[in-house]
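# Descriptive structure summary
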Amino acid sequence: MAMTSSRPYMIRALYEWIVDNNCTPYILVDAHASDVEVPQQHVNKEGQIVLNIAPSAVMGLSLENQAITFNARFGGIPTDIYVPSRAVLGIYARENGQGMVFEPELEPEPTPPEPSKKPQVVKPKAAKPPTPIAARPSLRVVK
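What comes next concerns the included structure. Everything numeric here is computed off the predicted structure, so don't read it as measured data.

### Notes on the overall build of the protein
The helix and strand tally for the protein stands at one helix and seven strands. Ordered by position from N to C terminus, the α and β elements of the protein give α-β-β-β-β-β-β-β. In the protein, which comprises 143 residues, the share counted as buried stands at 31%. Put simply, 53% of the contacts in the protein that link residues at least 6 apart link residues at least 24 apart. Here the protein displays about 11,100 Å² of accessible surface, and carbon together with sulfur accounts for 57% of that area.

What follows is the structure, given as structure tokens:
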């Protein structure tokens, strides 16, 4: 049975832990992931942005399963931020660097278009090469 991503749950738990310890929670975001809405002028050359999500730095913070949303000021300009959970690369405390870095998640498959009323000729697709074993997560029993 396929389970949902644990990433949003870990983000919420670490956020609470960091704030409870009077530290400043920062998230590292892949700014080039689809649906990410961040000020692009603050994205570094690796395509990442670090965002301060401390209660004193943002308004309307929402840490949901699908995305993190809030409003923050960048250069004095209020900006709405939208970060899908899969685009969060890590969360850590600014003061000591404690936190967690996440493995990259695959982009979701696009939803197929609505079928039209006209019959369409379907061409067979070429077989997709299997994903290399090293790219798949795995578990092993340690005794």
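### Quick word on the sheet that holds strand β7 (residues 99–101)
Judged by pairing direction, the sheet is antiparallel, and its four strands sit side by side in the order β2-β1-β6-β7 without closing on themselves. The open sheet is flanked by β2 (48–52) and β7, the only strands paired with a single partner. On average, each strand axis in the sheet is inclined to that of its neighbour by 20°, with strand direction left out of account. Across five bridges, strand β1 (residues 25–30) lies against strand β6 (residues 88–93) in antiparallel orientation. Counterpart to Pro 25 in the pairing with β6 is Ala 93. Sitting on the sheet, helix α1 (residues 7–20) is in contact with β1, β6 and β7, with an inclination near 15° to β6.

### Examining the sheet that holds strand β5 (residues 77–84)
Strands sit in the order β3-β4-β5 across an open sheet of three strands; the sheet is antiparallel. Two strands in the sheet have a free side with no partner beyond their single neighbour: β3 (59–63) and β5. Within this sheet the neighbouring strands show an average axis-to-axis angle of 25°, counted without direction.

### What to know about the pattern of salt bridges
Applying the stated rule across the entire model yields two salt bridges. Between Asp 35 and Arg 86 there is a salt bridge whose closest N-O contact spans 3.5 Å. Of the two residues, Asp 35 sits in the loop between β1 and β2 while Arg 86 sits in the loop between β5 and β6, which places them 51 residues apart along the sequence. With a relative accessible area of 16%, Arg 86 lands in the buried category. Linking Arg 94 and Glu 95 is a salt bridge whose minimum nitrogen-to-oxygen distance equals 3.3 Å.

### Quick word on α1
In this model, α1 (14 residues) spans 20 Å end to end at C-alpha, consistent with the 20 Å of a helix rising 1.5 Å per residue. The inward-facing, buried residues of α1 contact β1, β3, β4 (67–74), β6 and β7.

Reading the values: rules and limits
- Residues numbered from 1 in each chain as written.
- Predicted model: local features only at pLDDT ≥ 70, side-chain atom pairs only at ≥ 80, totals over all residues.
- Heavy atoms only, no water.
- Helix = DSSP H or I, 4+ residues; strand = E, 2+ residues; numbered from the N terminus.
- Buried < 20%, exposed > 50% of the residue type's maximum accessible area, 1.4 Å probe, protein only.
- Contact = heavy atoms within 4.5 Å.
- Areas by Shrake-Rupley, 256 points an atom, 1.4 Å probe, with all protein chains shown as cover.
- Pairing = 2+ DSSP bridges.
- Axes fitted to C-alpha atoms, helices over the stretch in contact; angles between N-to-C directions.
- Salt bridge = Lys/Arg side-chain N within 4 Å of Asp/Glu carboxyl O.
- Expected span 1.5 Å × (residues − 1).

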